[in-house]
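# Breakdown of the fold
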Amino acid sequence: MAVDVILGLQWGDEGKGKIVDYYATDYDIIARFQGGPNAGHTLKLNGQQFVLHTIPSGIFNDHIINVIGNGVVIDPVVFRAELDNLITLGIDVKSRLLISKKAHLILPTHRLLDAAAEKAKGKSKIGSTLKGIAPAYMDKTGRNGLRVGDLLLESFNDDYQFLVNKHKALLENYNFEFDLAPLESEWQEAVEIIRSLNLIDCEHYINDQIIAGKKIMAEGAQGTLLDIDYGTYPYVTSSNTISASACIGLGIAPNQIRDVIGIAKAYCTRVGNGPFPSELDDETGELLRKVGNEFGATTGRERRCGWIDLPALKYSIMLNGATQMILTKVDVLNEFDEIKVCTHYDLDKHELNNNKTERVDRVPYDLHKYGITPVYKSIKGWNTEIKDSIPELLEDYLEYLEKELNIKIPMISIGPAREQIIRRTAESII
Ligand code: GDP
Ligand code: IMO
Ligand code: MG
């Protein structure tokens, strides 16, 4: 059986965790393929809210095997806290969680380096979650990293010390003060837990399961506009977040990918710095934040809010080869008389654009270097609570989006709970 991918089409926090959990009953395996504890995926089950950072969102379904792929970076300390939490809830995690030996480890010094680098950037800081993501991926691509499988080697402590010494020199260069000892002791304890878990050769495991006919879903983290290559660079994360990354991050061939399910909010949010053309720095933005409860699941930071951005969504759908889109947080717009949709960008005169002004519906190179004025279309709001059917004006809005984006929206999400979903088609969508 082939692999389906669920991922975010915006700047993260689109509601991926909720949708993965919703679909999970139809799958045998849920696998994370990139990112790390910068992710915060929220699930609401039986009135209770859970946030997952490293462990896939299939963990609350008894029959599902959850895989952390080689593309993920793991902080043992965050991972352990997550694991303990789930075990306290009575969830059998250990027998249903497999970790790739090729996943890279986030060291305490990676976290320190993240903080030091952000501080040094001053006003141009990225707004990182400070979980050590960039330094860990830098060590991976710089061929210095430590992998989960290395924990089983006798040389591990020496290898660890070698890398830490390098980090200490870098931290000194930054003039960054730190107290490593307490961070190291909790890290070493947490590493013991990882050693005791099922560590696998993910690429072989996943391909064996494909041959055995198992249904696999790859769960993305972050969102397309945070992709290291295609996002709003340098205000991005340090991994590829698009569907192609599922191949690299799990060890599967491109022709094994079947459906790509893109998740998008009915409006737009971003946490951290960087360009956001349709951002609303006014009371409407404030209302979206309040009604949508837009505060980060990992850092608690306020999320910046704005209207849905069609040029950005077209770009994301193209890059991912998305076969369908699920619109989330539609309920947040219930109380708006008028909704706006950004259809184009007006680019200011700029040397990157041959010194001319231009109206475009494509995301330009280096979005943050242009002056950009979003062009909006106004949509009449449905202005009513959505229960179990779709109000006519909302249906019109969904049909408009489908036409503009050339993609089907088979399902919408109307609340944080697992069951707060409305299907628009009776057919199976996966
Ligand atoms: P993820 O990172 O993509 O998994 O998304 P997050 O969990 O970071 O953020 C999504 C937030 O919206 C969480 O607090 C969810 O509980 C909540 N949420 C998800 N879907 C809906 C929805 O349809 N309506 C509302 N009101 N909240 C939702
Ligand atoms: P999920 O999976 C939203 C953002 C950070 C920052 C930038 C770089 O929950 O959708 P990093 O810590 O990766 O160096 O931060 O990326 N960011 C996210 N924003 N959702 C996420 O994950 C994010 N992961 C990273 O806020 O702007
Ligand atoms: Mg999130």
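Structure report, in brief.

Here is what the cut-offs are and how they apply
Residues numbered from 1 in each chain as written. Chains lettered and ligands numbered in written order. Predicted model: local features only at pLDDT ≥ 70, side-chain atom pairs only at ≥ 80, totals over all residues. Heavy atoms only, no water. Helix = DSSP H or I, 4+ residues; strand = E, 2+ residues; numbered from the N terminus. Buried < 20%, exposed > 50% of the residue type's maximum accessible area, 1.4 Å probe, protein only. Contact = heavy atoms within 4.5 Å. Donors = N, O, S within 2.8 Å, 3.2 Å for Na, K, Ca; no water. Near = heavy atom within 4 Å. Polar contact = N/O pair within 3.5 Å; in protein donor to acceptor, adjacent residues only side chain to side chain. Areas by Shrake-Rupley, 256 points an atom, 1.4 Å probe, with all protein chains shown as cover. Nonpolar A, V, L, I, M, F, W, Y, C, P; charged D, E, K, R; others polar. Pairing = 2+ DSSP bridges. Axes fitted to C-alpha atoms, helices over the stretch in contact; angles between N-to-C directions.

The next thing to look at is the overall build of the protein chain. Helix and strand counts for the protein chain come out as 11 helices and 20 strands. Along the three orthogonal principal directions, the C-alpha set of the protein chain runs to about 65 × 50 × 40 Å. Relative to its 430 residues, the protein chain shows a buried fraction of 56%. Residue pairs at least 24 apart in sequence account for 75% of intrachain contacts in the protein chain once pairs closer than 6 positions are excluded.

Next up on the list: the coordination of the magnesium ion (ligand 3). In this structure, Asp13 (OD) and Gly40 (O) serve as the protein donors to the magnesium ion (ligand 3), at separations of 2.0 to 2.2 Å. Taken together, the residues span a long stretch of sequence, with Asp13 in the loop between β1 (3-8) and α1 (16-24) and Gly40 in the loop between β2 (29-32) and β3 (41-45) at a distance of 27 residues.

Now for the site of ligand 1. Taken together, 18 residues are adjacent to ligand 1, and Gly15, Lys16, Thr42, Asp331 and Ser413 come closest. Within the backbone of Gly15, an N or O atom sits 2.8 Å from an oxygen atom of ligand 1. The backbone of Gly40 places a nitrogen or oxygen atom 2.8 Å from an oxygen atom of ligand 1. Relative to its unbound accessible surface of 580 Å², ligand 1 loses 93% to contact with the protein. Breaking the shell around ligand 1 down by element, the ones donating at least two residues are α1 and β3. Ranked by residue count, the leading element in the shell around ligand 1 is α1, at 3 residues. A breakdown of the residues in the shell around ligand 1 according to their chemical character gives 4 nonpolar, 7 polar and 7 charged.

With that settled, consider the sheet that holds strand β5 (residues 65-68). One open sheet holds the 10 strands; their spatial order is β9-β7-β5-β2-β10-β1-β11-β15-β19-β20, and the pairing between them is mixed. Two strands in the sheet have a free side with no partner beyond their single neighbour: β9 (198-200) and β20 (421-423). Sheet twist, expressed as the average angle between the axes of neighbouring strands with direction ignored, equals 25°. Bridging between β2 and β5 involves 4 bridges; their strand directions are parallel. The residue of β5 that forms the bridge with Ile29 is Ile65.

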